[in-house]
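Understanding the architecture of this molecule
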Amino acid sequence: CDDGNRIQGDGCDNDCTPTPPPTTTVTTTTGPGTTVTTTTVPSFNAQILPLFGTAQLGCAKFPGCHAGALPAGGLALDGADPCHNLVGVMSSKCAGIERVFYDPITMTGDADPQKSFIMWKFMCKSDDCPPPPGNPAVCPAGGEGTHQDVPITPDQIELFRLWINGGADCNS
């Protein structure tokens, strides 16, 4: 497992013991004597960003997608700060919807596919714009556009949902 460097925290301790990816635990209490929900929030750098560069998804791997000099939709996922190209940034395709919704006042994210365009693309495999909030979020039949063949798994979609709903932290 040791990759030959002496860098701690790079996913492989120098004693050849794999280290788990960093996570943040969010605990929510709804009031006295009520249920407490604890959620482990995925790390952007350790768990979310690597998905974009995989051969499976390839979002940040191939020029013409979200990599290179002219990334699709102006969304560069292979640059110096890919998270801040996602979070709180309006979609270049659909007016009024953010790539990843983030409320800077409450410091919360929302993975509702009518608020976070990335979730719409992953869940519906569609390049169409979602219906406005307040209308049913029904995916187009069959999926259309360049994202219909992206083989994202339900577990990977859940990682994105947890990260967004956990605050879409770019520093994790």
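Scroll up to find the structure.
So, a few notes on the structure that sits alongside this text. (Residues numbered from 1 in each chain as written. Predicted model: local features only at pLDDT ≥ 70, side-chain atom pairs only at ≥ 80, totals over all residues. Heavy atoms only, no water.)

**Thoughts on the packing of helix H1 (residues 44–53) against helix H3 (residues 154–165)**
At a closest axis distance of 11 Å, the pairing of H1 and H3 adopts a crossing angle of 135 degrees. Comparing the axis directions of H1 and H3 gives the class oblique. With respect to the hand of their crossing, H1 and H3 are arranged in left-handed fashion. Across the interface between the two elements, Phe-44, Gln-47, Ile-48, Leu-51 and Phe-52 of H1 pack against Gln-156, Leu-159, Phe-160 and Trp-163 of H3. Tallied by class, residues from the contact of H1 with H3 come to 7 nonpolar, 2 polar and no charged. (Axes fitted to C-alpha atoms, helices over the stretch in contact; angles between N-to-C directions. Helix = DSSP H or I, 4+ residues; strand = E, 2+ residues; numbered from the N terminus. Parallel < 35°, antiparallel > 145°, perpendicular 65-115°, else oblique. Left-handed = near helix turned anticlockwise from the far one by under 90°. Contact = heavy atoms within 4.5 Å. Nonpolar A, V, L, I, M, F, W, Y, C, P; charged D, E, K, R; others polar.)

**Structural notes on the pattern of salt bridges**
Inspection of every chain in the model, using the stated rule, returns 2 salt bridges. For Lys-115, the salt bridge goes to Asp-110, with nearest N and O atoms at 3.2 Å. Looking at Lys-115, the relative accessible area reads 31%, which means it is partly exposed. On the basis of relative accessibility, which here comes to 22%, the residue Asp-110 falls in the partly exposed class. The shortest N-O distance in the salt bridge between Glu-158 and Arg-161 comes to 2.5 Å. (Salt bridge = Lys/Arg side-chain N within 4 Å of Asp/Glu carboxyl O. Buried < 20%, exposed > 50% of the residue type's maximum accessible area, 1.4 Å probe, protein only.)

**A short note on the side chain of Arg-99**
Considering the arrangement of structural elements, one finds Arg-99 in the loop between H1 and strand S3 (101–103). It turns out Arg-99 is buried and unbridged, and the closest side chain with the opposite charge, Glu-98, is 9.8 Å from it. Setting aside residues up to four positions removed in sequence, Arg-99 forms contacts with Gly-73, Gly-74, Leu-75, Asn-85, Leu-86, Val-89, Met-90, Ser-91, Ser-92, Ser-116, Phe-117 and Ile-118. (Lys, Arg positive; Asp, Glu negative; His and termini not counted.)

**So, the state of the cysteines**
Evaluated as defined, the whole model comprises 2 disulfides. Disulfide pairing places Cys-94 opposite Cys-129 at an S-S distance of 1.9 Å. Across the S-S bond of Cys-94 and Cys-129 the torsion is about -95 degrees, and the bridge reads as left-handed. Separated by 35 residues along the polypeptide, Cys-94 in the loop between H1 and S3 and Cys-129 in the loop between helix H2 (117–124) and H3 bring together distant segments of the chain. (Disulfide = S-S within 2.5 Å.)

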